[in-house]
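# Coordinates in review
So you can see what is in the structure, the chains are spelled out below.
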Amino acid sequence: MNKIKLMEVCGTHTMAIAKSGIKAILPESVELVSGPGCPVCVTSQSDIDKAIAVSGIKDVIIATFGDMMRVPGEKESLAQAKSRGKDIRMVYSCMDALSIAKDNPKKRIVFIGVGFETTSPTVAATIMEAKRQKINNFFVLSCFKLIPPALYAVSNSDKVKIDGFICPGHVSVIIGTGPYEKFAACCKKPCVIAGFEDTDILVSIKRLVEMIKARSYKAEIEYKRAVTKNGNTKARKILASVFDVAPGQWRGIGIIEKSALKINKRYASFDAEKEFDIKISATLPKKGCMCGEVIQGIIYPNECKLFKRTCTPRNPKGPCMVSSEGACAAYYRYGK
Amino acid sequence: MTTTYRWGNIMCLAIPGKIKKINENQAIADFGGVYKKISLGILNGVKVGDYVLVHAGFAISRVKRREAMDSIKALKELKEAVRDEQN
């Protein structure tokens, strides 16, 4: 039988696979590659530069998830900006950012919205809450992205051929199986929505191999204890009432139609891109950095010339080495 | 909490907690002895005693016990399949 190439789409799966050593026990005919499901890794350089540019505006407090702190921008990272005295705070929840806004009425608080369908509904709910409480110094810089369009982009790529997809568990908690069923049938790629324990991943790999052998192009849920066929309809409703779908810029992949979320007209007063005149110079990709290829499964992290040489977790050159979910960070820490 | 690493939370990670108390859209959840306030703003029908997955301070899904047991069963089957292959 030919070699089977499976992609684990989600960064949390990448980390779980590396940590458990699953790759070492797989038969040689089954290969696992990382995909575009690490939020920080797929965020375009221009979006990262925008976030850093906002941090330079007077009387602004930046609130962000920790993963964004050390991603290198054109000149510096948010962590470096913070060390120069800029007010940049790590938060666990977007609601924490709203509390900061309430406590600092004379400052403008900008939450950096990075992530997928797991995270965006929590931010949408926070924006609705800000409107309800009439908090007018709270803004979101929306860099949110959608997973299904990225699956089509990877599947249609002529640079890599993936036979089946291990789909993200917590994105699927929200979106359910519908989008994967369409994708699986349309692109002839089986999908299994997996949980995050080692055993979940092994069972999912087994099911994918069985489906590939049987030429069955379906979407199945392995992570049944959390994911349902219909997903979380309330979360999706909240998401749709705050955000519009727009084209999105992905690192390495480029623009994917209908793959990003932007704040809609009704909530425009919370949109950081409308509130601030954010100017960034034309962004060039980091020299030698191959994060773009890594997140499409085209190369393994150790095939990048910077890996372990000039790019390390202590001194990362690209987001895949920064993020705790990044494929390069996982490779560095745990090996293959 | 397990979500907190050196540089903050892992983005798509969600951890299970047990609902202890509900007050309108907010709840207190028990994460293995650590009690934390969470929002119920994006999940319908949560009751005291439910296990929920919590991501970035929000309950995103209920965790089902029976289905969790199914995963354990699947693991057993996998182990048996591997053993059969080795024999």
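A quick note: this is a predicted structure, and the numbers were derived from the prediction, not measured.

Attention now moves to the sheet that holds strand E3 (residues 60–64) of chain A. All names here are of chain A. Taken in spatial order, the 4 strands line up as E4-E3-E5-E6 in an open sheet, and their pairing is parallel. Edge positions in the sheet fall to strand E4 (88–90) and strand E6 (138–142), since each of these pairs with one other strand and no more. Looking at each pair of strands side by side, their axes are set apart by 25° on average, direction ignored. Contacts between helix H4 (residues 45–55) and the sheet are confined to E3, E4, strand E5 (108–113) and E6, with E3 contributing the most and set at about 140° to the helix.

Moving on to the domain arrangement of chain A. Frequently, the measure chosen for interface size is the accessible area removed from exposure when the parts meet. Residues and elements named next belong to chain A. If you check the domain split of chain A, you get domain 1 (1–289) and domain 2 (290–334). Computed over C-alpha atoms, the centres of domain 1 and domain 2 are 18 Å apart. Where the side of domain 1 that touches domain 2 is concerned, the elements lending two or more residues are helix H1 (11–20), strand E2 (30–37) and helix H3 (39–42). Per element, the largest residue contribution to the side of domain 1 that touches domain 2 is 6 residues, and it comes from H1.

What follows is about the confidence of the model for chain B. Residues and elements named next belong to chain B. On average, residues of chain B carry a pLDDT of 79, and 70% of them reach 70 or more. Per-element confidence in chain B is highest for strand E7 (residues 58–62), whose mean pLDDT is 95, and lowest for strand E1 (residues 4–5), whose mean pLDDT is 36. pLDDT under 50 marks residues 1–9. Its contacts with residues more than four places away, or in other chains, come to 23 contacts. As a predicted assembly, this complex carries a pTM of 0.91 together with an ipTM value of 0.90.

This part covers the interface of chain A and chain B. Taken residue by residue, the interface counts 41 residues in chain A and 30 residues in chain B. Where the side of chain A that touches chain B is concerned, the elements lending two or more residues are H1, helix H6 (94–103), helix H7 (120–132), helix H9 (169–175), helix H11 (198–213) and helix H12 (233–242) of chain A. It is H11 of chain A that contributes the most residues to the side of chain A that touches chain B, 5 residues altogether. Classifying every residue of the side of chain A that touches chain B gives 20 nonpolar, 13 polar and 8 charged.

The next point concerns helix H16 (residues 327–334) of chain A. Residues and elements named next belong to chain A. In terms of burial, H16 is a largely internal element, 6 of the 8 residues being buried. Taken as a whole, H16 has its buried residues at Ala327, Cys328, Ala329, Ala330, Tyr331 and Tyr332. In this structure, the buried side of H16 is in contact with H1, E2, helix H14 (291–294) and helix H15 (319–322).

So, how was this worked out
Residues numbered from 1 in each chain as written. Chains lettered and ligands numbered in written order. Predicted model: local features only at pLDDT ≥ 70, side-chain atom pairs only at ≥ 80, totals over all residues. Pairing = 2+ DSSP bridges. Helix = DSSP H or I, 4+ residues; strand = E, 2+ residues; numbered from the N terminus. Axes fitted to C-alpha atoms, helices over the stretch in contact; angles between N-to-C directions. Contact = placed C-beta atoms within 7 Å. Domains from an automatic or database assignment. pLDDT = per-residue confidence, 0-100. Nonpolar A, V, L, I, M, F, W, Y, C, P; charged D, E, K, R; others polar. Buried ≥ 20, exposed ≤ 12 C-beta atoms within 10 Å, placed from the backbone.

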